Amino acid sequence: MARILTVGVATLDVVITVDGFPREDDKIRARGVTTRRGGNAANTAVVLSQLGHDTSWAGSISSDGNGDFVSRDLARAGVKTGNIAVQRDGALPVSYILNSVASESRTIIHHRDLPEFGFEDFRRLDLRRYDWLHFEGRNVAETGRMLSHYRGQHSALPCSLEVEKPREGIEELFELADVLLFSRQYARAKGFHEPGSMLAEIAPRAPRALLVCAWGEDGAWARTYEGEEFHSPAYGYGEVVDTIGAGDVLNAGVIHGLVNQQSLNRVLPFGCQLAGVKCAQQGLDDLLANYHRLVKTDKPPAA
Ligand code: ADP
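None of these values were measured; they are calculated from a predicted model. (Residues numbered from 1 in each chain as written. Predicted model: local features only at pLDDT ≥ 70, side-chain atom pairs only at ≥ 80, totals over all residues. Heavy atoms only, no water.)

### Here we look at the pattern of salt bridges
Under the defined criterion, the tally for this structure stands at 20 salt bridges. The partner of Asp19 in a salt bridge is Arg31, with the nearest N and O atoms 2.6 Å apart. Of this pair, Asp19 sits in the loop between strand S2 (11–18) and strand S3 (32–38) while Arg31 sits in the loop between S2 and S3; the two residues are 12 residues apart in sequence, bridging distant segments of the chain. Through salt bridges that share partners, Arg37, Asp73, Arg76 and Asp285 make up one connected network. (Salt bridge = Lys/Arg side-chain N within 4 Å of Asp/Glu carboxyl O. Helix = DSSP H or I, 4+ residues; strand = E, 2+ residues; numbered from the N terminus.)

### Things to note about the site of the ligand
Residues in contact with the ligand amount to 18 residues; listed here are only the nearest, Arg106, Gly216, Gly219, Gly247 and Ala275. Contacts to the ligand include Gly219, whose backbone N or O atom sits 2.9 Å from an oxygen atom. Separating an oxygen atom of the ligand from a backbone N or O atom of Gly247 is a distance of 2.9 Å. Contact with the protein chains hides 88% of the accessible area of the ligand, taken as 550 Å² for the molecule alone. Put simply, the parts of the chain that give the shell around the ligand at least two residues each are helix H7 (246–259) and helix H8 (264–279). It is H8 that contributes the most residues to the shell around the ligand, 4 residues altogether. Taken together, the residues of the shell around the ligand break down into 10 nonpolar, 5 polar and 3 charged. (Near = heavy atom within 4 Å. Polar contact = N/O pair within 3.5 Å; in protein donor to acceptor, adjacent residues only side chain to side chain. Areas by Shrake-Rupley, 256 points an atom, 1.4 Å probe, with all protein chains shown as cover. Nonpolar A, V, L, I, M, F, W, Y, C, P; charged D, E, K, R; others polar.)

### Quick look at the pairing of strand S13 (residues 220–223)
For strand S12 (residues 210–214) and S13, the ladder comprises 4 bridges, and the chain directions are antiparallel. Paired with Ala214 across the strands is Ala220, a residue of S13. Counted between consecutive antiparallel strands, the loop separating S12 from S13 contains 5 residues, among which Gly216 sits at a positive phi close to 50°. Pairing geometry for S13 and strand S14 (residues 229–232), over 4 bridges, is antiparallel. Bridge pairing in S14 places Ala222 opposite Phe230. Joining the antiparallel neighbours S13 and S14 is a turn of 5 residues, in which Gly227 adopts a positive phi near 95°. (Pairing = 2+ DSSP bridges.)

### Let's talk about the packing of aromatic side chains
Per the stated rule, a full pass over the model turns up 6 aromatic pairs. Judged by centre distance (5.4 Å) and plane angle (35°), the rings of Phe182 and Tyr186 are tilted. When its relative accessible area of 3% is taken as the criterion, Phe182 is described as buried. Ring plane angle 85° and centroid distance 5.4 Å describe the contact between Phe270 and Tyr291, whose orientation is recorded as edge-to-face. Placement of the pair is Phe270 in helix H8 and Tyr291 in helix H9 (residues 287–294), with a sequence separation of 21 residues. Taking relative accessible area as the criterion, Tyr291 reaches 1% and is therefore assigned buried. By the ring-pair criterion, three or more aromatic residues cluster together here, those being Phe122, Phe135 and Tyr150. (Phe/Tyr/Trp six-rings, centres within 6.5 Å; stacked < 30°, edge-to-face > 60°. Buried < 20%, exposed > 50% of the residue type's maximum accessible area, 1.4 Å probe, protein only.)

### Description of the packing of helix H1 (residues 40–50) against H7
Helix packing for two helices is described by the angle between their axes and how far apart those axes are. It is the contact of H1 with H7, at a shortest axis distance of 8 Å, that shows an interaxial angle of 50°. If you check the angle between H1 and H7, you find them oblique. By crossing handedness, the relation of H1 to H7 is classed as right-handed. Residue-level contacts link Asn40, Asn43, Thr44, Val47 and Leu48 of H1 to Asp248, Val249, Asn251, Ala252, Ile255 and His256 of H7. Taken together, the residues that form the contact of H1 with H7 break down as 5 nonpolar, 5 polar and 1 charged. (Axes fitted to C-alpha atoms, helices over the stretch in contact; angles between N-to-C directions. Parallel < 35°, antiparallel > 145°, perpendicular 65-115°, else oblique. Left-handed = near helix turned anticlockwise from the far one by under 90°. Contact = heavy atoms within 4.5 Å.)

### Focus on the nonpolar core
Counting residues in each nonpolar core, the largest one holds 49 residues, and the members touching the most others are Val47, Trp57, Val254, Leu258 and Leu274. Ranked by the residues each element gives to this core, the list is headed by H8, at 8 residues. Beyond its immediate stretch of four places on either side in the chain, Leu258 contacts Trp132, Val179, Leu210, Leu264 and Val267. (Core = buried A, V, L, I, M, F, W, Y, C linked by side-chain atoms within 4.5 Å.)

### Focus: H8
For H8, which comprises 16 residues, the first-to-last C-alpha distance of 22 Å matches the rise-based estimate of 22 Å (1.5 Å per residue) to within 8%. With respect to burial, H8 is a largely interior element, 14 of its 16 residues being buried. (Expected span 1.5 Å × (residues − 1).)

### Quick look at the sheet that holds strand S7 (residues 91–100)
Pairing within the open sheet is mixed, and its 4 strands lie in the order S3-S2-S7-S8. Edge positions in the sheet fall to S3 and strand S8 (105–113), since each has one partner strand and no second. Neighbour-to-neighbour, the strand axes of this sheet turn through a mean angle of 20°, independent of strand direction. In this structure, S2 lies alongside S7, joined through 7 bridges in parallel fashion. Its bridge partner being in S7, Thr17 is matched across the sheet by Asn99. Lying over the sheet, helix H2 (residues 65–76) contacts S2, S3 and S7, oriented at roughly 75° with respect to S3.

Rendered as structure tokens:
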């Protein structure tokens, strides 16, 4: 069991499941509507907690009912919430997500109006209490200050950085992390049609880092700083009902394996299996129980 801190965003996700994506100006019926907590770093924390780690989430929430909903949901999932910055002004970020069953896609309209969890909040944390830090790669200037500060004070503490979207200057953070977790969205935005060539091109910018890239139904790729490459296929477990947060689950699986010093030959398939199980269920509740039920081959490495 490791003590893991994730830093990033928590949101309220309003998930509208539809048979197929509507045309503009259409009026269609939803299959179902659910409201749940989301946010990449918060999702990753919830899964790490299920995997048996002593997990904390640090980020901003609003002081209204939506903020309470998020902190109660995280606590229910076993995630420690003592590092949360409660903001007096602003509202919790909301993601309106159109989840199309026909195309297995999720289209997201995000609204945010909440002061960020910034460097001054981060500086108050006692980082000696953790064995692993995980950052969401957003708010580049503040995240850069956090990473530099922590590198200066606790250089031996391993850290992963999620790079989901192209953001100005984010490449400057690459050399500060031990593990970079890229998305297909980032790769495509940078003009790559497959992950291997992107990871090879990024390698010189992050000479100490393990590079990982998720690629939806094609699985995930990794490249060590020595240039060794790994690939795992995606794993399907029946109908794909909800891919929201699949990347966050993969990231949790990868962090779990690395914390336990597993080889990438095990880490990557485990992350993809866990993400595949997630795609076959709504939300994140009972993910590990469903993993044990659906994946008969191997139990996850002990936390
Ligand atoms: P994100 O959720 O960030 O868009 P991806 O779509 O790349 O991330 O998915 C992350 C991981 O989830 C993939 O590496 C894969 O293992 C798994 N996954 C995604 N889509 C599917 C699918 N349709 N079937 C099975 N596994 C999937």
